[in-house]
Amino acid sequence: MPFVSFEGVDGAGKSTHVGWMADWLTARGHRVVMTREPGGTPLGETLRGLLLNETMCADTELLLMFAARAEHIHQVIRPALSRGAWVLSDRFTDASYAYQCGGRGIAVERLRVLEHWVQQGLQPDMTFVFDVSLDIARSRLAAHGAADRFERENAEFFERVRAMYHWRAVQEPQRVRLVSTDRELDAIRSDLQQLLLELGA
Ligand code: TYD
(Lines give C-alpha, C1' and ligand atoms only; values in the text may rest on other atoms or scores of the structure.)
Protein backbone atom coordinates (compact mmCIF):
# COMPACT_ATOMS: atom_id res chain seq x y z
CA MET A 1 0.00 0.00 0.00
CA PRO A 2 1.18 3.57 -0.49
CA PHE A 3 3.51 5.34 1.87
CA VAL A 4 2.74 9.06 1.79
CA SER A 5 4.52 11.91 3.56
CA PHE A 6 3.44 15.49 4.22
CA GLU A 7 5.75 18.46 4.39
CA GLY A 8 5.93 22.21 4.39
CA VAL A 9 7.36 25.13 6.33
CA ASP A 10 5.89 25.63 9.80
CA GLY A 11 2.61 27.50 9.38
CA ALA A 12 1.82 26.15 5.89
CA GLY A 13 -1.40 24.52 7.19
CA LYS A 14 -0.24 20.92 6.83
CA SER A 15 -1.95 19.41 9.91
CA THR A 16 -5.49 20.41 8.88
CA HIS A 17 -5.11 18.79 5.48
CA VAL A 18 -3.43 15.62 6.73
CA GLY A 19 -6.30 14.91 9.14
CA TRP A 20 -8.82 15.44 6.35
CA MET A 21 -6.99 13.05 4.01
CA ALA A 22 -6.79 10.34 6.68
CA ASP A 23 -10.57 10.61 7.23
CA TRP A 24 -11.25 10.61 3.49
CA LEU A 25 -9.19 7.45 2.92
CA THR A 26 -10.75 5.69 5.93
CA ALA A 27 -14.23 6.54 4.64
CA ARG A 28 -13.29 4.85 1.34
CA GLY A 29 -12.55 1.66 3.26
CA HIS A 30 -8.76 1.84 3.45
CA ARG A 31 -6.76 0.92 6.50
CA VAL A 32 -4.79 4.02 7.46
CA VAL A 33 -1.87 4.38 9.85
CA MET A 34 -1.34 8.03 10.72
CA THR A 35 2.04 8.83 12.18
CA ARG A 36 4.58 11.63 12.47
CA GLU A 37 8.24 12.62 12.59
CA PRO A 38 10.18 13.25 14.61
CA GLY A 39 8.22 10.73 16.69
CA GLY A 40 5.85 7.91 15.87
CA THR A 41 7.30 5.51 18.47
CA PRO A 42 7.79 5.86 22.26
CA LEU A 43 11.53 6.43 21.81
CA GLY A 44 10.90 8.72 18.83
CA GLU A 45 8.51 10.86 20.87
CA THR A 46 11.15 11.19 23.60
CA LEU A 47 13.66 12.29 20.96
CA ARG A 48 11.07 14.72 19.58
CA GLY A 49 10.84 16.40 22.99
CA LEU A 50 14.62 16.90 22.97
CA LEU A 51 14.75 18.04 19.33
CA LEU A 52 12.04 20.66 19.74
CA ASN A 53 13.28 22.06 23.04
CA GLU A 54 16.96 21.49 23.78
CA THR A 55 19.86 23.48 22.41
CA MET A 56 22.15 21.31 20.26
CA CYS A 57 24.50 21.63 17.29
CA ALA A 58 23.26 20.99 13.76
CA ASP A 59 25.01 17.60 13.44
CA THR A 60 23.41 16.32 16.65
CA GLU A 61 20.04 17.52 15.38
CA LEU A 62 20.43 15.64 12.09
CA LEU A 63 21.66 12.46 13.79
CA LEU A 64 18.79 12.46 16.30
CA MET A 65 16.29 12.97 13.48
CA PHE A 66 17.68 9.86 11.80
CA ALA A 67 17.85 7.89 15.05
CA ALA A 68 14.14 8.56 15.54
CA ARG A 69 13.53 7.71 11.87
CA ALA A 70 15.35 4.35 12.10
CA GLU A 71 13.10 3.33 14.98
CA HIS A 72 10.01 4.64 13.19
CA ILE A 73 10.74 2.68 10.01
CA HIS A 74 11.55 -0.50 11.91
CA GLN A 75 8.66 -0.43 14.37
CA VAL A 76 5.86 1.33 12.51
CA ILE A 77 6.27 2.06 8.80
CA ARG A 78 7.50 -1.27 7.41
CA PRO A 79 5.16 -3.41 9.56
CA ALA A 80 2.14 -1.28 8.59
CA LEU A 81 2.96 -1.45 4.88
CA SER A 82 3.34 -5.24 5.13
CA ARG A 83 -0.09 -5.45 6.80
CA GLY A 84 -1.58 -3.65 3.80
CA ALA A 85 -2.25 -0.29 5.42
CA TRP A 86 -1.73 3.14 3.93
CA VAL A 87 0.96 4.93 5.91
CA LEU A 88 0.54 8.69 6.21
CA SER A 89 3.51 10.35 7.86
CA ASP A 90 3.38 13.95 8.97
CA ARG A 91 6.97 14.71 7.81
CA PHE A 92 9.76 12.38 6.72
CA THR A 93 13.24 12.74 5.18
CA ASP A 94 12.42 15.71 2.92
CA ALA A 95 12.09 17.66 6.19
CA SER A 96 15.71 16.79 7.00
CA TYR A 97 16.78 18.09 3.56
CA ALA A 98 14.74 21.25 4.08
CA TYR A 99 15.54 22.05 7.72
CA GLN A 100 18.94 20.50 8.41
CA CYS A 101 20.48 21.05 4.93
CA GLY A 102 18.51 24.09 3.72
CA GLY A 103 17.96 25.74 7.09
CA ARG A 104 21.08 24.77 9.03
CA GLY A 105 23.48 24.40 6.10
CA ILE A 106 24.56 20.76 6.50
CA ALA A 107 25.93 19.31 3.24
CA VAL A 108 23.40 17.24 1.31
CA GLU A 109 26.03 14.49 0.84
CA ARG A 110 26.06 13.88 4.60
CA LEU A 111 22.33 13.45 4.65
CA ARG A 112 22.41 11.07 1.69
CA VAL A 113 24.70 8.70 3.60
CA LEU A 114 22.23 8.52 6.49
CA GLU A 115 19.29 8.20 4.11
CA HIS A 116 20.79 5.14 2.39
CA TRP A 117 21.86 3.58 5.66
CA VAL A 118 18.60 4.05 7.55
CA GLN A 119 16.00 3.74 4.79
CA GLN A 120 17.57 0.93 2.74
CA GLY A 121 15.62 1.96 -0.33
CA LEU A 122 12.38 2.88 1.44
CA GLN A 123 10.96 6.13 -0.01
CA PRO A 124 7.51 7.66 0.13
CA ASP A 125 5.42 6.87 -2.94
CA MET A 126 4.24 10.46 -2.85
CA THR A 127 5.16 13.53 -0.81
CA PHE A 128 2.79 16.48 -0.52
CA VAL A 129 4.58 19.75 0.16
CA PHE A 130 2.09 22.30 1.48
CA ASP A 131 3.30 25.61 0.23
CA VAL A 132 2.41 29.15 1.18
CA SER A 133 4.14 32.52 1.15
CA LEU A 134 6.32 33.09 4.19
CA ASP A 135 4.29 36.12 5.23
CA ILE A 136 1.19 33.97 5.60
CA ALA A 137 3.10 31.12 7.26
CA ARG A 138 4.62 33.45 9.82
CA SER A 139 1.35 35.16 10.63
CA ARG A 140 -0.28 31.75 11.20
CA LEU A 141 2.58 30.75 13.50
CA ALA A 142 2.33 33.98 15.47
CA ALA A 143 -1.37 33.28 16.04
CA HIS A 144 -0.88 29.81 17.48
CA GLY A 145 1.10 30.73 20.60
CA ALA A 146 4.18 29.11 22.18
CA ALA A 147 6.82 28.44 19.54
CA ASP A 148 9.29 25.50 19.55
CA ARG A 149 13.00 25.72 18.71
CA PHE A 150 12.38 25.56 14.93
CA GLU A 151 9.42 27.93 14.91
CA ARG A 152 11.56 30.57 16.64
CA GLU A 153 14.00 30.70 13.69
CA ASN A 154 14.19 33.88 11.60
CA ALA A 155 12.68 34.63 8.20
CA GLU A 156 15.93 33.82 6.32
CA PHE A 157 15.98 30.34 7.84
CA PHE A 158 12.44 29.69 6.57
CA GLU A 159 13.29 31.12 3.14
CA ARG A 160 16.05 28.50 2.88
CA VAL A 161 13.76 25.73 4.15
CA ARG A 162 11.10 26.64 1.61
CA ALA A 163 13.64 26.93 -1.22
CA MET A 164 14.91 23.42 -0.44
CA TYR A 165 11.37 22.01 -0.57
CA HIS A 166 10.93 23.65 -3.98
CA TRP A 167 14.24 22.18 -5.10
CA ARG A 168 13.15 18.69 -3.97
CA ALA A 169 10.00 19.08 -6.08
CA VAL A 170 12.10 20.04 -9.11
CA GLN A 171 14.47 17.11 -8.58
CA GLU A 172 11.74 14.51 -8.07
CA PRO A 173 8.60 15.85 -9.78
CA GLN A 174 6.86 12.47 -9.84
CA ARG A 175 7.08 11.97 -6.10
CA VAL A 176 7.19 15.48 -4.62
CA ARG A 177 4.05 17.54 -5.32
CA LEU A 178 3.65 21.16 -4.28
CA VAL A 179 0.18 22.05 -3.03
CA SER A 180 -0.46 25.75 -2.68
CA THR A 181 -2.51 26.51 0.47
CA ASP A 182 -3.35 30.18 -0.03
CA ARG A 183 -6.56 29.18 -1.84
CA GLU A 184 -10.15 28.25 -0.97
CA LEU A 185 -10.37 25.06 1.08
CA ASP A 186 -12.54 23.33 -1.56
CA ALA A 187 -9.97 23.93 -4.29
CA ILE A 188 -7.18 22.53 -2.11
CA ARG A 189 -9.23 19.46 -1.16
CA SER A 190 -10.13 18.71 -4.72
CA ASP A 191 -6.40 18.69 -5.62
CA LEU A 192 -5.59 16.46 -2.66
CA GLN A 193 -8.33 14.04 -3.62
CA GLN A 194 -7.02 13.92 -7.19
CA LEU A 195 -3.52 13.08 -5.99
CA LEU A 196 -4.80 10.35 -3.66
CA LEU A 197 -6.77 8.85 -6.54
CA GLU A 198 -3.56 8.89 -8.58
CA LEU A 199 -2.03 6.76 -5.82
CA GLY A 200 -4.85 4.23 -6.09
CA ALA A 201 -7.23 5.38 -3.33
P1 TYD B 1 5.88 19.76 12.91
O2 TYD B 1 5.28 18.83 11.93
O3 TYD B 1 5.95 21.19 12.50
O4 TYD B 1 5.14 19.65 14.29
P5 TYD B 1 3.93 20.60 14.80
O6 TYD B 1 2.96 20.72 13.66
O7 TYD B 1 3.40 19.85 15.99
O8 TYD B 1 4.58 21.92 15.17
O9 TYD B 1 7.37 19.18 13.16
C10 TYD B 1 8.22 19.62 14.16
C11 TYD B 1 9.48 20.30 13.65
O12 TYD B 1 10.50 19.34 13.34
C13 TYD B 1 9.31 21.16 12.43
O14 TYD B 1 9.64 22.49 12.80
C15 TYD B 1 10.34 20.66 11.45
C16 TYD B 1 11.28 19.84 12.27
N17 TYD B 1 11.91 18.71 11.56
C18 TYD B 1 13.23 18.83 11.10
O19 TYD B 1 13.86 19.88 11.30
N20 TYD B 1 13.82 17.78 10.46
C21 TYD B 1 13.17 16.60 10.26
O22 TYD B 1 13.76 15.65 9.66
C23 TYD B 1 11.82 16.47 10.73
C24 TYD B 1 11.08 15.18 10.53
C25 TYD B 1 11.22 17.55 11.37
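You'll find the structure just up there.
Anyway, here's the lowdown on the structure attached to this text. (Residues numbered from 1 in each chain as written. Predicted model: local features only at pLDDT ≥ 70, side-chain atom pairs only at ≥ 80, totals over all residues. Heavy atoms only, no water.)

A few words on helix 6 (residues 134-143). Given 3.6 residues to a turn, an α-helix orients residues that are three or four positions apart in the same direction. Listed in full, the buried residues belonging to helix 6 are Leu134, Ala137 and Leu141. One side of helix 6 holds all its buried residues, which, seen down the axis, span an arc of 60°. Away from its buried face, by an angle of more than 90 degrees, helix 6 presents the exposed residues Asp135, Ala142 and Ala143. Buried-residue contacts for helix 6 involve helix 7 (155-171). Positive phi appears at Gly145, one or two residues downstream of helix 6, with a value of about 85°. (Buried < 20%, exposed > 50% of the residue type's maximum accessible area, 1.4 Å probe, protein only. Helix = DSSP H or I, 4+ residues; strand = E, 2+ residues; numbered from the N terminus. Arc of directions from axis to C-beta. Contact = heavy atoms within 4.5 Å.)

Now for the side chain of Ser96. Along the chain, the position of Ser96 falls in helix 4 (residues 93-103). Owing to a relative accessible area of 1%, Ser96 belongs among the buried residues under this scheme. Ignoring sequence-local partners within four residues, the contact set of Ser96 consists of Leu62, Met65, Phe66, Arg69, Cys101 and Leu111.

Further remarks concern the packing of helix 1 (residues 14-27) against helix 8 (residues 185-198). The geometry of helix 1 relative to helix 8 is characterised by a closest axis approach of 11 Å and an angle of 50° between their N-to-C directions. Comparing their axes, helix 8 and helix 1 come out oblique. Relative to helix 8, the crossing made by helix 1 is right-handed. Mapping the contact onto sequence places His17, Trp20, Met21, Trp24 and Leu25 in helix 1 and Leu185, Ile188, Arg189, Leu192, Gln193, Leu196 and Leu197 in helix 8. For the contact of helix 1 with helix 8, a count of residues per class yields 9 nonpolar, 2 polar and 1 charged. (Axes fitted to C-alpha atoms, helices over the stretch in contact; angles between N-to-C directions. Parallel < 35°, antiparallel > 145°, perpendicular 65-115°, else oblique. Left-handed = near helix turned anticlockwise from the far one by under 90°. Nonpolar A, V, L, I, M, F, W, Y, C, P; charged D, E, K, R; others polar.)

Purely geometric stuff here, so don't read any function into it on its own.
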